[in-house]
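# Structural description and commentary
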Amino acid sequence: MGFKAVEAFFARLHRGWRMVGLVSAIRVVGGGLHQYGFTVFFLPISQDLGLSRAATALAFSLSRAQGAIEGPLVGYLVDRFGPRPIIATAALLAGLGYILLSWVNSYAAFLTVYLGVITLAFTAGFVHSPMVVANNWFIRQRARAMTVISAAVPVGGAMISPLLALGVDALGWRWAAFFSGWAFLLVCIPLSLRVERSPESLGLLPDGDPPTDKPDHRDSQSQRVRDQGGGTEVGLRDAMKGAIFWLLVLSMTTRVAAFSSVTVHFVPIMVWKGLTQEHAALLLGAFAFLNLFVHFVLGWIGDASNKPRLLAGCMLLAASSILALTWGESYWTLWLFTTLFTVIDASFPIVWAMVGDFYGRKHFATIRGTMSFFYMWGSVIGPVAAGAIYDRTQSYTSTLWGIFGLLLVAVSVSWLLIKPWQAARNGLAAKPAV
């Protein structure tokens, strides 16, 4: 009876939410086994292969750089062939990659498998493609759909990563990696084969709207899409000619640099502030839980609000949290920081929904991938710079003030986008420019 009730519930959902459910399930697996799983494998791999922590961490930084480099090509391929073949291929390569990882016996082999197979696949199929699915299937509820997909990663971290840690402890990291590979193959590939490219490919409309019965239904449906604010279609070349593209890139670069710097150094920062590693780990767990909650709150608000104004407010809250962390000495100020800083990660889906509002659906993956080529370097440089500053000064104070300045830049840029976004939503800017 329970299974039939669940089956009936999904049958009542329009296909767009079914597509979101499919790619979210894929992201749960990827988030738990790879994005959060890297931390679980970190020490066992470094100890088994005799690596320093810096050498092991280098794989993480190189994976971010690789994601930036391959972003434009991945975006083009997703727009050209649709998300389904990209996700299916990525799931296959991720599965084979983790199986191969269980056999590596040298640092060179580790980097070859991790960067040449696993990360190469993961960025394309688990990062870019799912957001394209949300952008293709939704217009009015775009932010909400992207939020569900984005929140799948911390869900995977909360549900799967602890099981992965138990597996590493009981069986060793090699067997855990081997079974992780089979999880990608047996779960993600079947799910990916059910992903549909767009509602129009099935004769439907975005947001689950019923198709028209008029004889000239194609023209009528196109008009309805335009009336919803989904008619603006801008190519990459035209997008890059406008200042909006570069303002979005600048905003994303500052945000990912700030977020990556803090999250990579989260526990060391808390220890520097006087906490034990156990208390710091408690705050980190609270950060992940609050992050998930704030994701859904902002996603619900995002579809009914001015997105640039909402983002400006989020970045202002994040900047305020940095002040609390810098000046605060009590335990409650650290909790205040942990609570407020979650808005950076939780607001990323709002950014991508805004990109969809500006540029439409047809070239979204190409534009998103090209943007990632520029802004992802913030996540490469930020944590390294933070570590170098601490090594030299034995303090995170200068780093935190630098992060505060980056977030103020993000606030200013978001504010500059308010009027152009309103014009794009009103259909006044087919090719947005400031």
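In this text, all values refer to a predicted model and were calculated from it rather than measured experimentally. (Residues numbered from 1 in each chain as written. Predicted model: local features only at pLDDT ≥ 70, side-chain atom pairs only at ≥ 80, totals over all residues. Heavy atoms only, no water.)

Below, the discussion takes up the overall build of the chain. The secondary structure content of the chain amounts to 21 helices and 0 strands. Sequence separation of 24 or more characterises 83% of the internal contacts of the chain that already satisfy a separation of 6 or more. For the chain, the accessible surface area stands at approximately 18800 Å², while carbon and sulfur atoms represent 67% of it. (Helix = DSSP H or I, 4+ residues; strand = E, 2+ residues; numbered from the N terminus. Contact = heavy atoms within 4.5 Å. Areas by Shrake-Rupley, 256 points an atom, 1.4 Å probe, with all protein chains shown as cover.)

Residue position: Val355 is located in helix H17 (residues 348-359). A C-alpha to C-alpha distance of 9.4 Å links Val355 and Trp421, two positions 66 residues apart in sequence. Val355 has contacts with Leu248, Gly360, Phe364, Ile367 and Met371, leaving out every residue within four places of it along the chain.

Bringing the nonpolar core into the picture now. Of all hydrophobic cores here, the largest spans 124 residues; its most connected members are Phe110, Tyr359 and Met371. Counting residues per element, this core draws most heavily on helix H6 (residues 107-137), which supplies 15 residues. Each residue touching Met371, except ones within four places of it in the same chain, is listed here: Phe245, Leu248, Val249, Trp352, Val355 and Tyr359. (Core = buried A, V, L, I, M, F, W, Y, C linked by side-chain atoms within 4.5 Å. Buried < 20%, exposed > 50% of the residue type's maximum accessible area, 1.4 Å probe, protein only.)

Here we come to the packing of aromatic side chains. Enumeration over the complete set of coordinates arrives at 21 aromatic pairs. Taking the centre distance of 4.6 Å and the plane angle of 25 degrees together, the rings of Tyr390 and Tyr396 count as stacked. Looking at Tyr390, the relative accessible area reads 24%, which means it is partly exposed. On the basis of relative accessible area, Tyr396 is assigned to the buried category, the value being 4%. Ring geometry for Trp401 against Phe404: centres 5.7 Å apart, planes inclined by 85 degrees, an arrangement best described as edge-to-face. Of the two residues, Trp401 and Phe404 are both situated in helix H20 (residues 397-416); the distance of 3 residues between them amounts to about one turn of the helix. Judged by relative accessible area, Trp401 falls into the partly exposed class, the value being 37%. By relative accessible area, Phe404 is classed as buried at 16%. (Phe/Tyr/Trp six-rings, centres within 6.5 Å; stacked < 30°, edge-to-face > 60°.)

Geometrically, a packed helix pair is captured by the angle between its two axes and the distance between the axes. Two elements in contact, H6 and helix H7 (residues 142-159), have axes separated by 9 Å at closest approach and are oriented at 155 degrees. The orientation of H6 with respect to H7, classified from their angle, is roughly antiparallel. Handedness of the H6/H7 crossing: right-handed. In this structure, H6 uses Pro130, Met131, Ala134 and Asn135 to contact H7, whose residues at the interface are Arg142, Ala145, Met146, Ile149 and Ser150. Among the residues forming the contact of H6 with H7, the class breakdown is 6 nonpolar, 2 polar and 1 charged. (Axes fitted to C-alpha atoms, helices over the stretch in contact; angles between N-to-C directions. Parallel < 35°, antiparallel > 145°, perpendicular 65-115°, else oblique. Left-handed = near helix turned anticlockwise from the far one by under 90°. Nonpolar A, V, L, I, M, F, W, Y, C, P; charged D, E, K, R; others polar.)

In the structure shown here, the tally under the stated rule is 5 salt bridges. When the shortest N-O distance is used, the salt bridge between Glu196 and Arg84 registers 3.2 Å. One end of the pair, Glu196, is in the loop between helix H9 (173-192) and helix H10 (217-227); the other, Arg84, is in helix H5 (residues 83-101), and 112 residues separate them in sequence. Since its relative accessible area comes to 33%, Arg84 is described here as partly exposed. Among the salt bridges present, the one from Arg142 reaches Asp357, with a minimum N-O distance of 2.7 Å. In this pair, Arg142 is assigned in helix H7 and Asp357 in helix H17, connecting sequence segments 215 residues apart. Three or more residues joined by partner-sharing salt bridges are found here, namely Arg142, Lys307 and Asp357. (Salt bridge = Lys/Arg side-chain N within 4 Å of Asp/Glu carboxyl O.)

A few words now on a nonpolar patch on the surface. A grouping of Ile69, Phe373, Trp377 and Ile381 is seen on the molecular surface, where their side chains present a nonpolar patch of about 380 Å² in accessible area. Relative to the assigned elements, Phe373 resides in helix H18 (residues 364-375). (Patch = residues over 30% accessible without salt bridge, like charges linked within 9 Å, V, L, I, M, F, W, Y side chains within 5 Å.)

Further remarks concern unusual backbone geometry. Of all residues except glycine, most have a negative phi; of all peptide bonds, most are trans. With a phi close to 60 degrees, Gln394 is a non-glycine residue in the positive phi region. In this fold, Gln394 is placed in the loop between helix H19 (377-393) and H20.

Relative to the elements of secondary structure, Ile322 occurs in helix H15 (residues 307-327). Residues Ile322 and Phe337 lie 15 residues apart in sequence; the distance between their C-alpha atoms is 6.6 Å. With near-sequence residues (within four places) excluded, Ile322 lies in contact with Val262, Phe337, Phe341, Leu400, Ile403, Phe404 and Leu407.

Along an α-helix, a turn takes 3.6 residues, which lines up residues three or four apart on a common side. An ideal rise of 1.5 Å per residue puts 32 Å on 22 residues; helix H12 (residues 243-264) measures up with 31 Å between its terminal C-alpha atoms. The element H12 is largely enclosed, with a buried count of 16 among its 22 residues. (Expected span 1.5 Å × (residues − 1).)

Here the focus is the side chain of Asp345. Mapped onto the elements, Asp345 comes out in helix H16 (residues 331-346). Among the polar contacts made by the side chain of Asp345, one reaches the side chain of Asn291 at a distance of 2.6 Å. Apart from the residues lying within four places of it in its own chain, the contact partners of Asp345 are Phe259, Asn291 and His295. (Polar contact = N/O pair within 3.5 Å; in protein donor to acceptor, adjacent residues only side chain to side chain.)

Let us look at the side chain of Arg368. Among the secondary structure elements, Arg368 is positioned in helix H18. Buried Arg368, no salt bridge; nearest opposite-charge side chain is Asp79, N-O distance 10.0 Å. Apart from residues no more than four positions distant in its own chain, Arg368 is found in contact with Val127, His128, Met131 and Trp352. (Lys, Arg positive; Asp, Glu negative; His and termini not counted.)

Our focus in this paragraph is the confidence of the model for the chain. Averaged over all residues, the pLDDT of the chain equals 83, while 88% of them reach at least 70. Across residues 217-231, confidence stays below pLDDT 50; counting only partners more than four residues off in sequence or on other chains, it has 30 contacts. Low pLDDT, under 50, characterises residues 428-434; the stretch is placed with 19 contacts to residues that sit more than four places away or in other chains. (pLDDT = per-residue confidence, 0-100.)

Let's shift gears to the environment of Ala365. When you line up the elements, Ala365 lands in helix H18. Those residues in contact with Ala365 that lie beyond four places of it in its chain are Gly75, Val78, Asp79 and Val132.

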